[in-house]
Amino acid sequence: MRLITHNMLKCHVKNCDNPDKQFPLRFKGAELEQVEAERNDEFLVRMIPRLDWRALLVTAKELGIELPENIPEDPENDDAFLQALHTAILETHVKEGTMVCNGCNHEYKITKGIPNMLLAEHEI
Amino acid sequence: MKLKQLEGYLGEVAAFKNPKVQLEQYPTTAHLAARVLYTAESTFGDIDGKAVVDLGCGCGMLSIAAAMMGACSVVGIDVDSDALEIAQENIEEFEVEEVVELMQASLCHEAASAGSLELDNQLVTPMKGKFDTAILNPPFGTKPGNKGIDVLFLQAACSMATGAVYSLHKTSTRDYLVKKAESWGFECDVLAELKFDVPMMYKFHKKKAVDIEVDLLRLQPKRKQV
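Residues numbered from 1 in each chain as written. Chains lettered and ligands numbered in written order. Predicted model: local features only at pLDDT ≥ 70, side-chain atom pairs only at ≥ 80, totals over all residues. Heavy atoms only, no water.

**Considering the overall build of chain A**
- Helix and strand counts for chain A stand at four helices and four strands.
- Taken over the C-alpha trace, chain A has a radius of gyration of 15 Å; the compact-globule value for 124 residues is 14 Å, and the two agree within 12%.
- Structurally, chain A occupies a C-alpha span of about 50 × 30 × 20 Å along its principal axes.
- A buried classification covers 50% of the 124 residues belonging to chain A.
- A separation threshold of at least 6 residues defines the contact pool for chain A, and within that pool the share at least 24 residues apart is 66%.
- Total accessible area computed for chain A in this model is approximately 6200 Å², and 46% of it derives from carbon and sulfur atoms.
- Treating the 14 positive side-chain charges of chain A as one cloud and the 22 negative ones as another, the clouds have centres 8 Å apart. (Helix = DSSP H or I, 4+ residues; strand = E, 2+ residues; numbered from the N terminus. Rg over C-alpha atoms; globule rule 2.2 N^0.38 Å. Buried < 20%, exposed > 50% of the residue type's maximum accessible area, 1.4 Å probe, protein only. Contact = heavy atoms within 4.5 Å. Areas by Shrake-Rupley, 256 points an atom, 1.4 Å probe, with all protein chains shown as cover. Lys, Arg positive; Asp, Glu negative; His and termini not counted. Charge placed at Lys NZ, Arg CZ, Asp CG, Glu CD.)

The following block contains the structure:
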């Protein structure tokens, strides 16, 4: 699972609804792998407004990934920014670990790079 | 990549080992997947350089086809661990790990009024508008307890994609789906009429093969009238 996808995962346990706590999901015991991917600047620039930047920064800090605090005014011409963004959201894969909800403490496992968002019956 | 080339490569995608009846697991053929993704890109430009989501990805046939047609990022979502295991093997075989990732999730759950399904909005809403294009060969809702699942998958797809949605549905549901699409603010075109040749995969299948009439639909948000 790459960080671009983690950025769209919120805790969805029944009655867990504190927006500050249920997103982003906090990583526990995350094993990372960098997988090189071809960079497409047009794609990156288009994705920027779809990212929750605040959440991405929280997660990047958690995992020790370099990411600038602010999005530049003119990202399409900022090579350093685009490279950092590309590496963070498309090349950083979480292979194993858990994602924890800070609100209800529910844990979602990640196994072989696949996050498991399934819930038990009482959590639905 | 040419259509025939794509179809040739996709012929190597492994299918379900033990398909589950309740989940309506039928493999999407290489022939069909190649045509859907080739058309989506060559006619509409909906795949190359795009963020794509594959709902009910199964063994990953459509996801891999999307990667081969130039998608920058593909997320395949399915509920079944066994299917996802095969999808992961396929991704590694085809060396598309840099583009395709998988997620295990259930898009639907039983509504409070038991006996009907509804979308898990808490899961789906945060994914709204995060993708350019959605591709799906959803369950048709023919199994007990799954009625309407085809509509829910289509609805989720329309929410997640900002651009086009490519989906396969029984021709018998066409009029209903066109109306539904309109109510969501989408225009819906039938790109092709197909016959799904469902071979005798399950013990309860009496005939050698059954032909189901299926539409390949393309939905896109309606242009706002000025």
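**What to know about the interface of chain B and chain A**
- Each partner contributes to the interface: chain B provides 30 residues, whereas chain A provides 33 residues.
- Note that B:Asp132 is salt-bridged to A:Arg46, the shortest N-O span being 2.6 Å.
- Scanning the region where chain B abuts chain A turns up 14 residue pairs in polar contact (both at pLDDT 80 or more).
- Listing elements by their share of the side of chain B that touches chain A, those giving two or more residues are strand S2 (73-78), helix H4 (81-93), strand S3 (100-104) and helix H5 (121-124) of chain B.
- Broken down by element, the residue count for the side of chain B that touches chain A peaks at four residues, all from S3(B).
- The residue makeup of the side of chain B that touches chain A, split by class, is 14 nonpolar, nine polar and seven charged. (Salt bridge = Lys/Arg side-chain N within 4 Å of Asp/Glu carboxyl O. Polar contact = N/O pair within 3.5 Å; in protein donor to acceptor, adjacent residues only side chain to side chain. Nonpolar A, V, L, I, M, F, W, Y, C, P; charged D, E, K, R; others polar.)

**Let's talk about the side chain of A:His106**
Residue and element names in this part refer to chain A.
- Among the structural elements, His 106 can be located in the loop between strand S2 (92-100) and strand S3 (107-111).
- A polar contact of 3.1 Å, which involves the side chain of His 106, links it to the side chain of Glu 123.
- With residues up to four places along the chain from it excluded, the contact list for His 106 reads Cys 11, Val 13, Met 99, Val 100, Cys 101, Leu 119 and Glu 123.

**As for the sheet that holds strand S1 (residues 26-34) of chain A**
All names here are of chain A.
- An order of S1-S2-S3-S4 is seen for the four strands of this open sheet, with the pairing classed as antiparallel. With one partner strand each, in any of the chains shown, S1 and strand S4 (114-115) form the two edges of the open sheet.
- Where S2 lies against S3, four bridges are found, and the strand directions are antiparallel. Directly across from Met 99, in S3, lies its bridge partner Tyr 108. (Pairing = 2+ DSSP bridges.)

**Examining the side chain of B:Lys130**
- Examined against the element boundaries, B:Lys130 turns out to sit in the loop between H5 and strand S6 (133-136).
- Buried charged residue B:Lys130 carries no salt bridge. Nearest counter-charge: A:Asp52, at 6.6 Å.

**Things to note about the packing of aromatic side chains**
- Scanning the model with the defined rule gives three aromatic pairs over all chains in all.
- Relative to B:Phe196, the ring of B:Phe140 lies with its centre 6.1 Å away and its plane at 25°, an arrangement referred to as stacked. Note that B:Phe140 is positioned in the loop between S6 and helix H6 (149-160) and B:Phe196 in strand S8 (residues 186-199), a separation of 56 residues in sequence. Like B:Phe196, B:Phe140 is buried.
- One residue, A:Lys10, lies across the ring of A:Phe23, its end atom 5.3 Å from the ring centre.
- The lysine or arginine in question, B:Arg218, covers the ring of B:Phe44, its NZ or CZ lying 3.9 Å from the ring centre. (Phe/Tyr/Trp six-rings, centres within 6.5 Å; stacked < 30°, edge-to-face > 60°. Lys NZ or Arg CZ within 6 Å of the ring centre and 35° of its normal.)

**Remarks on the pattern of salt bridges**
- For the coordinates displayed, the defined rule picks out 17 salt bridges over all chains.
- Where A:Glu107 meets A:Lys28, a salt bridge forms, and the shortest distance between an N and an O atom there is 2.7 Å. Remark: A:Lys28 occurs in strand S1 and A:Glu107 occurs in strand S3; sequence separation between them is 79 residues.
- A salt bridge links B:Asp46 to B:Arg218; the shortest N-O distance between them is 3.0 Å. Taken as a pair, B:Asp46 in the loop between helix H2 (30-42) and strand S1 (51-55) and B:Arg218 in strand S9 (residues 209-221) lie far apart in primary sequence, 172 residues in all.
- Owing to a relative accessible area of 7%, B:Arg218 belongs among the buried residues under this scheme.

**Section: unusual backbone geometry**
Residues and elements named next belong to chain A.
- For the bond running from Phe 23 to Pro 24, omega is -5°, close enough to zero to count as cis.
- With respect to the element layout, Pro 24 can be found in the loop between helix H1 (3-6) and S1.
- Phi is positive for Asn 105, close to 70°, though the residue is something other than glycine.
- Along the chain, the position of Asn 105 falls in the loop between S2 and S3.
- Although it is not a glycine, Lys 112 adopts a positive phi angle of roughly 50°.
- The residue Lys 112 is located in the loop between S3 and S4 in this model.
- On the accessibility criterion, Lys 112 (57% relative accessible area) is exposed.

**Some thoughts on the packing of helix H1 (residues 3-10) of chain B against helix H3 (residues 61-68) of chain B**
All names here are of chain B.
- Taken N-terminus to C-terminus, the directions of H1 and H3 make an angle of 135°; their axes are 11 Å apart at the nearest point. The angle between the axes of H1 and H3 places the two elements in the oblique class. In this structure, the crossing between H1 and H3 has a hand that is right-handed. On H3, the residues touching Leu 6, Tyr 9 and Leu 10 of H1 are Met 61, Ile 64, Ala 65 and Met 68.
- Tallied by class, residues from the contact of H1 with H3 come to seven nonpolar, no polar and no charged. (Axes fitted to C-alpha atoms, helices over the stretch in contact; angles between N-to-C directions. Parallel < 35°, antiparallel > 145°, perpendicular 65-115°, else oblique. Left-handed = near helix turned anticlockwise from the far one by under 90°.)

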